[in-house]
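Letter by letter, the chains look like this.
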Amino acid sequence: MIHYLLKSISYIFHPLLMPLLGVVFYFSKTPRFIPEPVMKAKIFSVTILTLILPILLYFLLKTIKRVESLELKTSKERIIPLILNVLIMILILKRVLPYNEIPELYYYYLGILFSTLTCLFLAILRFKASIHMIGSAGFFMFAIALSINFKININGTIALMCIIMGAIATSRLHLKAHTNAELLVGFFVGLLPQLVLLNYWL
């Protein structure tokens, strides 16, 4: 029972969801006025590019036997998906969330891009940093930054994210998907770019 619960945590809080979660969180919590049609268009575009497209690309890579499973168990399997994700992030930064429209989301995705590039570099060096921790730590830092910038109380969200990150780490260890070092490196790879980029918008 515990095994299936911990396994489900890895899927429920999959790293593909974190970029979209950041956009939804921003629009739902910040007081900045953005026309509803624009907001819906941004969410729709991000959903297509960060969720639907990567899933389709995964099945394509699986069909041509470039990956074996959704877990991307080896560092070698990660290289092509990470390269594709880098290209997707660049597309989003150029076309969907340019700097002159919503700076906070622009820098959030720029942080995701830097985290993805770092993860790719580590994969080339055959180190498998936890992408689950990268995604959750990046969102965690972004949420804290939004609360400071807009002076909104999200203590509940912060507490919940701490619990979720603990559950994700426990899940990845239980499933033997990562070591402690891979989880710790993943946490800092996700968090540090967001922290550094605060200097440009906070």
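Heads up: these notes are all about the structure in this document. Remember, predicted model here, so these are calculated numbers, not experimental data. (Residues numbered from 1 in each chain as written. Predicted model: local features only at pLDDT ≥ 70, side-chain atom pairs only at ≥ 80, totals over all residues. Heavy atoms only, no water.)

**What about the packing of helix 5 (residues 103-124) against helix 6 (residues 131-150)?**
The contact between helix 5 and helix 6 brings their axes to 11 Å, and the two run at 155°. Between helix 5 and helix 6, the angle falls in the class roughly antiparallel. Crossing handedness for the pair helix 5 and helix 6: right-handed. Taking contact as the criterion, the partners of E104, L105, Y108, S115 and C119 in helix 5 are, on helix 6, I131, I134, G138, F139, F142, L146, N149 and F150. (Axes fitted to C-alpha atoms, helices over the stretch in contact; angles between N-to-C directions. Helix = DSSP H or I, 4+ residues; strand = E, 2+ residues; numbered from the N terminus. Parallel < 35°, antiparallel > 145°, perpendicular 65-115°, else oblique. Left-handed = near helix turned anticlockwise from the far one by under 90°. Contact = heavy atoms within 4.5 Å.)

**Some remarks on the side chain of T30**
On the secondary structure map, T30 appears in the loop between helix 2 (17-29) and helix 3 (36-63). T30 gets classed as buried once you look at its relative accessible area, which sits at 9%. Only 2.6 Å separates the side chain of T30 from the backbone oxygen of Y26, close enough to count as a polar contact. The residues touching T30, leaving out its near neighbours within four places in the chain, are L146 and F150. (Buried < 20%, exposed > 50% of the residue type's maximum accessible area, 1.4 Å probe, protein only. Polar contact = N/O pair within 3.5 Å; in protein donor to acceptor, adjacent residues only side chain to side chain.)

**Section: the packing of aromatic side chains**
Per the counting criterion, the structure on display carries twelve aromatic pairs. When the ring of Y106 is compared with that of Y107, the centres are 5.2 Å apart and the planes differ by 85°; the resulting orientation is edge-to-face. Its relative accessible area of 12% is what places Y107 among the buried residues. Taking 5.5 Å as the distance between ring centres and 85° as the angle between the ring planes, the aromatic pair formed by Y108 and Y109 counts as edge-to-face. Since its relative accessible area comes to 0%, Y109 is described here as buried. (Phe/Tyr/Trp six-rings, centres within 6.5 Å; stacked < 30°, edge-to-face > 60°.)

On their own, these measurements won't tell you what the molecule is for.
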